[in-house]
Structures are given as C-alpha cells and as structure tokens.
Amino acid sequence: MHNETSESAEEPPSSTVLDKLKQFRSVGRGFWQDIQESSWNDWRWQLKNRITSVDQLQRLMPTLTPEEFAGATLANNKLAMAITPYFFNLIDPADENCPIRWQVIPRIQETHNAPWEMSDPCGEDSHSPIPGLVHRYPDRVLLLVTDRCAAYCRYCTRSRLVSNASGYDFHPEFDRQIEYVRNHSEVRDVLLSGGDPLLFSDDKLENLLKRLREIPHLEFLRIGTRIPIFLPQRITPELCAMLRKYHPLFISVHSNHPRELTIEVRESLGRLADAGIPLGNQSVLLRHVNDDPVIMKAHVQKLLMCRVRPYYIYQCDLISGSAHLRTSVRKGLQIMEELRGHTTGYAVPQYVIDAPGGGGKVPINPDYVLERDSEKVIVRNYEGKVFEYPEAVDGTPLVEPPKEVEESELVQS
Ligand code: SF4
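Residues numbered from 1 in each chain as written. Predicted model: local features only at pLDDT ≥ 70, side-chain atom pairs only at ≥ 80, totals over all residues. Heavy atoms only, no water.

(A) Main features of the side chain of His 299. With respect to the element layout, His 299 can be found in helix α13 (residues 293-305). Since its relative accessible area comes to 1%, His 299 is described here as buried. Every residue in contact with His 299, bar those within four places of it in the chain, is listed here: Ser 255, Asn 256, His 257, Pro 258, Leu 261, Asn 281 and Ser 283. (Helix = DSSP H or I, 4+ residues; strand = E, 2+ residues; numbered from the N terminus. Buried < 20%, exposed > 50% of the residue type's maximum accessible area, 1.4 Å probe, protein only. Contact = heavy atoms within 4.5 Å.)

Here's what the structure looks like:
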C-alpha cells in the first residue's frame, strides 16, 4: 500500500511565503465603504456597479500605468472590460505587478498580434455543427449559452465572442442546441459554458438544465463558471437548492492565484459543495500571475481547503494579443515537477496544452519514464531516484518510441 506520510518530510525554504499566500482574507467593501451591506451582498448590485470605463478605472486607481491607460481606453470598443466591485477590491493599486491587476485590467499589448496567434485558438467555430454548440470530442459537447461574464479575463480563449466587444454577434439557439443533443445518442455529457451560465437567473438556468435532464441518454451535466471567484454573492442558497435537483452535476470553477480564494469565495464554494456538487478548478498558466511553483503550490493547497479539486492547468492558448501573458512550457513543467510528490496527490492538476486549431487537450507531463522495453520500465520518482519495474509478459510497448516530427506531418491550424 502506498503511504504518503512515509515520504521524507523536508521543510521547504519558502514555507513562510507559502503560508502567507495560503491565508484566507475577507475582501470587505474596500472602495465602497458607503454602500449598505445588503447592497454589497446583492449580486445584481455588484453587476450593476461594475467598472467598465477608463474614467471609472482611473478615478478608483490613479496609479494606472501608461500601458493600462491606453488599453482601458479601448474598453468595450475593441476590448471587453468589466470588473465587479468585489473583485476590484482584490487589486493592490500600489503594486504594478499585482497578479489580480494583470488578469482584469486591459493593456495596450492586447492590440499587438503575433503571427501564430488566433482569434479562435481552439478551433471551436470549425467544430460547431450549429451556432453555440461545439462537438470536438466523441461523447460530449460544449454548449455556449451566453456571451456575458461577470468580469472579463485578459487572456480569454473566447475573447472573440464574450461581451460582443469585437462584433461577433453571438446568438445561442437553445432549441437547436437541445435538439442536437437529443438526436446524438453518443453524447453522454454536456458542458454548459460561455460566457458564464451562472449569470442567468435561477429560472432561466433551471429551464435549460431541466430540458437537458429530460434527454434519456444524457448521463452527466457540467457547468464551467468563474462566478464563484468574480461574484461569490451570486452563489445564493436558492441557486444551490435549484442546482442540486439536477445531479449528477459537476462544476468547474476558474481561479488562478491564491489571493482570489478569499473567505467570501470559500463560503460560496462551500455552499455549492454542500449541495452535493463536485467541484474542480481550471487555472491558466500566466506570466506575472502564477508562473511560479510556490504560488501554484499555495493555490492548489488552498483550493483543497475550499473543497475544490485542482483539475487542469492550461498552457495559455495562442489567443490574439496574449504574448505578454504567456509563459513557457518549460516553466509549466517545472511547476508540475515541484507539485507531483511534493504535495497531496489530490492537489496536483493535469497540465495540458489545448492543441492549436482544435486538437483538444493534450496532457503534458515531466518525463518520469526514462526507458521502456518489453522486459522493464525504468522510472524516476519525484526525488530523482531511479527504479526498475519488471514488465509483465504482455508488456510489449504499445507505441513506437518518439521520433522527430517532419514538418509535413504537423497539423496546420
Ligand atoms: S470568465 Fe471565462 S469566458 Fe469569461 S472572460 Fe474569463 S475566461 Fe473568458
């Protein structure tokens, strides 16, 4: 039996930083001290009072850098921008490198496009048999049900679509989406995403879930949302009571940095977990935000304390205007190397590249298998110690060893 506690327990040198990053804090009303508690806790008030213009932003944060000012000037003309007051309070205005700031305040660099960047890096549009439905994997579909989010991330894979800032003209057709699922008996899993489905009213969301649940071959429903992080006030007891009627229902949240996991967020996630909803987290690996093993370790450990299983770390997609936020795969592998074995297995997410152009998620792992033939597998563990595992009689490798890829074999996106 594997016993995790028998591993050598060395004290990491950065434990003080780690402990500090793992502390839970309440955001409080911050810049909005004059607002009544009841308004502050009302998710509709939060939405109505989002920061959406450069003037609002500059009033609250006179420390905007020239790059931020120029980026925010284009807000909602070319670039989507909205920040809930709750989430805005997490920004440190005195710190130009605040990891929250990098995620939600536009910079002029977003208008610079590298030749390999794309408006639809995961090839969703080319896998959409009908508008707002992506069928890329054999047994599951993605329903894009809205183009609205509580706040807009600077690296969003769907920035072509969200908030309609670039004129995508998104109109999901629920009847056709549901009809498609009904007519495809191989689809056993539907993921509702967008945009953010939890921005719908309880009734509207319930209507959708109910209609999907009536499809006999549908085994499993999922919702992808960043609302518990951007707008924890939305996770009301009423919403949770409604959601629990549609099990098995999983929710994937999206948090990138331990500072996002506040007391308010922990409580909102707790309400979802109490409704019996298994929670996973998807992070995007971002330069200036979380491309650091200590930050990532604090984040995944803190997620477990919020009853959320770290699920994926995504290498940042090749989204137009994202070069300033992309970090190397080498850095991602280094982070994975420093998580696996060094912390609870449940805390270790799968690192993936969403293959450019629509190839789907490809797992990326440090090389633990050093050698393999029909008689043995040579592996190394997280400490770098090498072990030999004798292969069983049917152990002839299933795949040829890696070879160099010819240019002509590459799938062009
Ligand atoms: S919440 Fe998700 S869909 Fe919305 S802007 Fe952020 S990454 Fe994009």
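(B) View of the site of the ligand. What surrounds the ligand is the set Cys 149, Tyr 152, Cys 153, Cys 156, Gly 195, Arg 226 and His 254. Of the residues assigned to the shell around the ligand, the class counts are four nonpolar, two polar and one charged. (Near = heavy atom within 4 Å. Nonpolar A, V, L, I, M, F, W, Y, C, P; charged D, E, K, R; others polar.)

(C) Molecular detail of the sheet that holds strand β6 (residues 279-285). Strand order across the open sheet formed by nine strands is β1-β2-β3-β4-β5-β6-β7-β8-β9, with mixed pairing between neighbours. Two strands in the sheet have a free side with no partner beyond their single neighbour: β1 (133-137) and β9 (360-363). Recorded for the sheet is a direction-independent mean angle of 30° between the axes of neighbouring strands. Here β6 pairs with strand β7 (residues 309-315) via six bridges, running parallel. Counted as the bridge partner of Asn 281 is Pro 310 from β7. (Pairing = 2+ DSSP bridges. Axes fitted to C-alpha atoms, helices over the stretch in contact; angles between N-to-C directions.)

(D) Spotlight on the sheet that holds strand β12 (residues 386-390). One open sheet holds the three strands; their spatial order is β10-β11-β12, and the pairing between them is antiparallel. The open sheet is flanked by β10 (369-372) and β12, the only strands paired with a single partner. Averaged over all neighbouring strand pairs, the angle between strand axes comes to 20°, with direction disregarded. Relative to strand β11 (residues 376-380), β10 runs antiparallel, the two being bridged by three bridges. The partner of Val 369 across the bridge, within β11, is Val 379.

(E) Quick look at the packing of α13 against helix α14 (residues 329-339). Where α13 contacts α14, the two axes come as close as 9 Å, and the packing angle between them is 55°. The angle between α13 and α14 places the two elements in the oblique class. Our pair here, α13 against α14, has a crossing hand that is right-handed. On the side of α13, the interface is formed by Pro 293, Met 296, Lys 297 and Val 300, while α14 contributes Gln 334, Ile 335, Glu 338 and Leu 339. Taken together, the residues that form the contact of α13 with α14 break down as five nonpolar, one polar and two charged. (Parallel < 35°, antiparallel > 145°, perpendicular 65-115°, else oblique. Left-handed = near helix turned anticlockwise from the far one by under 90°.)

(F) Quick look at the confidence of the model for the chain. Scored by pLDDT, the chain has a mean of 92; 92% of the residues are at 70 or more. Under a pLDDT of 50 for its full length, residues 1-10 has, in the predicted model, six contacts with residues more than four places off or in other chains. (pLDDT = per-residue confidence, 0-100.)

(G) Structural detail: the pattern of salt bridges. In this structure the tally under the stated criterion is 25 salt bridges. Among the salt bridges present, the one from Arg 160 reaches Asp 120, with a minimum N-O distance of 3.4 Å. Pair noted here: Arg 160 is in the loop between β2 (140-144) and α8 (174-183) and Asp 120 is in the loop between α7 (99-104) and β1, with a separation of 40 residues, a long-range link. Each of the two residues, Arg 160 as well as Asp 120, counts as buried. Note that Arg 211 and Asp 175 form a salt bridge whose closest N and O atoms lie 2.9 Å from each other. (Salt bridge = Lys/Arg side-chain N within 4 Å of Asp/Glu carboxyl O.)

(H) Region of interest: the pairing of β2. Where burial is concerned, most of β2 is hidden: four out of the five residues are buried. Here β1 hands over to β2 after two residues, the two strands then running antiparallel side by side. Note that β2 and strand β3 (residues 189-193) share five bridges and pair parallel. Note that in β3 the partner of Leu 144 across the bridge is Ser 193.

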